[in-house]
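Below are the chains, spelled out letter by letter.
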Amino acid sequence: STEYNLNPSELYISGFSGGARLASSIAVNSVAFQGVIACGASFYAVDKFALQDASFSYVGMVGDTDMNYQEMIRNEEWLNKMMVKNTLFVSHQGHTWPSQKEMLRAFDWLQIQAFKNSIRKSNETTIKKIYEDNLNIADSLKGNSEMILAIAEYERCNVINDSKDEKIKTIIESIKKSKEYKNQIAKRDEISVLENEITNSIFDQFDKELKVAKSDNDFKFWKTELKKLEDRKTKSKDVAIKNMVDRLQFMTKALVYETAQENKRSFQNDKLLYCIELEKVIQLYGKK
């Protein structure tokens, strides 16, 4: 730290996917970091339960077609329960690093926390700018009828301004009473249940077949399920359904690919061949 003249009270850590889990783990197991930016994944299970004494602020970032989207939604609820200062940025993208613009928003949020925790000397001009940027994004999302994301932005405005702005409170209340918002929440909950069911059935079937390193009926389950998913996507006009299918297709592809690599490394050739055959089926039926 002498070489780079670092301020030890302002150390932050970030990572993407497995790197996000690692960054979160390092933050949980040390008291060195003020903040974490976790992109595309949350915590290892063991670290999740050590969060009660967390002294860091946490930014989650995920795309709405990222296979770990539902995990990050549940993670936000968990962090709230654990009373860890946190926020979740959701963007319209898949399993990839957030854009530079999104990352800068994460830095802004951590800067607000640094002001609040007296780690940095508070700066009214900076606070006002960050607040106005958030407000513009919130208004734009509301205008675009993306009510769940709009609420998240207005609530971030609330945190920045220590809930002093009555106008924001009124907007939040009116959105929450709207039919549009209630419908979007109902749809989100319905998709969460459905996605969980499909995910479990995919994992169960994969585990069962992987154990014996073969499919008894020429991958019938996979052909049926993957065709059903593709049909859902093609026939539905609902973006939320299309996003769910994207997530499930990516998750299936990643699951089989990663397992294939594992078995290649451990020379389990029968399981590797099974994965290679299943990958061919996935390529035929799933476009992702």
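Provided above is the structure to which this section pertains.
In this report, we go over the structure that sits alongside the text.

### Concerning the side chain of D66
Part 1: As for its position among the elements, D66 is in the loop between β3 (57–63) and α3 (69–81).
Part 2: The buried charged residue D66 lacks any salt bridge partner; its closest oppositely charged side chain belongs to R247, at an N-O distance of 8.0 Å.
Part 3: Of the polar contacts made by the side chain of D66, one reaches the backbone nitrogen of N68; its length is 2.8 Å.
Part 4: Those residues in contact with D66 that lie beyond four places of it in its chain are G40, Q93, G94, H95 and R247.

### Topic: a nonpolar patch on the surface
Part 1: There is a patch of nonpolar side chains on the surface, built from L22, I26, Y44 and V46 and spanning about 380 Å² of accessible area.
Part 2: With respect to the secondary-structure elements, I26 resides in helix α1 (residues 18–29).
Part 3: Judged by relative accessible area, I26 falls into the partly exposed class, the value being 35%.

### With respect to the packing of aromatic side chains
Both the distance between ring centres and the angle between the ring planes are used here to describe each pair of aromatic rings.
Part 1: A full pass over the atoms with the stated rule returns six aromatic pairs.
Part 2: Each residue in the set F206, F219, F221, W222 and Y274 is aromatic and connected to the rest through ring pairs, giving one cluster.
Part 3: Across from the ring centre of F89, 3.9 Å away, lies the NZ or CZ of R156, which sits over that ring.

### A word on the nonpolar core
Part 1: Grouped together as the largest cluster of nonpolar side chains are 25 residues, with contacts concentrated most on F206, W222, Y274, C275 and L278.
Part 2: Counting residues per element, the ones that place at least two in this core are α8 (179–212), α9 (220–235), α10 (239–265) and α11 (269–285).
Part 3: Core analysis: the second largest hydrophobic core is formed by 22 residues, I13, F33, M72 and V84 among them.

### Quick look at the sheet that holds β3
Where strands meet in a sheet, backbone hydrogen bonds hold them as pairs that are either parallel or antiparallel.
Part 1: Across the sheet, four strands lie side by side as β1-β2-β3-β4; this open sheet has parallel pairing. Two strands close off the open sheet at either side, each with one partner strand: β1 (12–16) and β4 (86–91). Strand-to-strand twist in this sheet, taken as the mean axis angle between neighbours without regard to direction, amounts to 10°.
Part 2: Bridging between β3 and β4 involves six bridges; their strand directions are parallel. Bridge pairing in β4 places V62 opposite V90.
Part 3: Running at roughly 155° to β1, α1 makes contact with β1, β2 (35–39) and β3 of the sheet.

### A closer look at the pairing of β2
It is a general feature of regular strands that their side chains alternate between the two faces of the sheet.
Part 1: Where burial is concerned, most of β2 is hidden: five out of the five residues are buried.
Part 2: Side-chain alternation along β2 places G35, I37 and C39 on one buried face and V36 and A38 on a second face that is also buried.
Part 3: Judged from the five bridges that link them, β1 and β2 form a sheet pairing that is parallel. Residue pairing for β2: S14 is matched across the bridge by I37.

Rules behind the numbers
Residues numbered from 1 in each chain as written. Predicted model: local features only at pLDDT ≥ 70, side-chain atom pairs only at ≥ 80, totals over all residues. Heavy atoms only, no water. Helix = DSSP H or I, 4+ residues; strand = E, 2+ residues; numbered from the N terminus. Buried < 20%, exposed > 50% of the residue type's maximum accessible area, 1.4 Å probe, protein only. Lys, Arg positive; Asp, Glu negative; His and termini not counted. Salt bridge = Lys/Arg side-chain N within 4 Å of Asp/Glu carboxyl O. Polar contact = N/O pair within 3.5 Å; in protein donor to acceptor, adjacent residues only side chain to side chain. Contact = heavy atoms within 4.5 Å. Patch = residues over 30% accessible without salt bridge, like charges linked within 9 Å, V, L, I, M, F, W, Y side chains within 5 Å. Areas by Shrake-Rupley, 256 points an atom, 1.4 Å probe, with all protein chains shown as cover. Phe/Tyr/Trp six-rings, centres within 6.5 Å; stacked < 30°, edge-to-face > 60°. Lys NZ or Arg CZ within 6 Å of the ring centre and 35° of its normal. Core = buried A, V, L, I, M, F, W, Y, C linked by side-chain atoms within 4.5 Å. Pairing = 2+ DSSP bridges. Axes fitted to C-alpha atoms, helices over the stretch in contact; angles between N-to-C directions.

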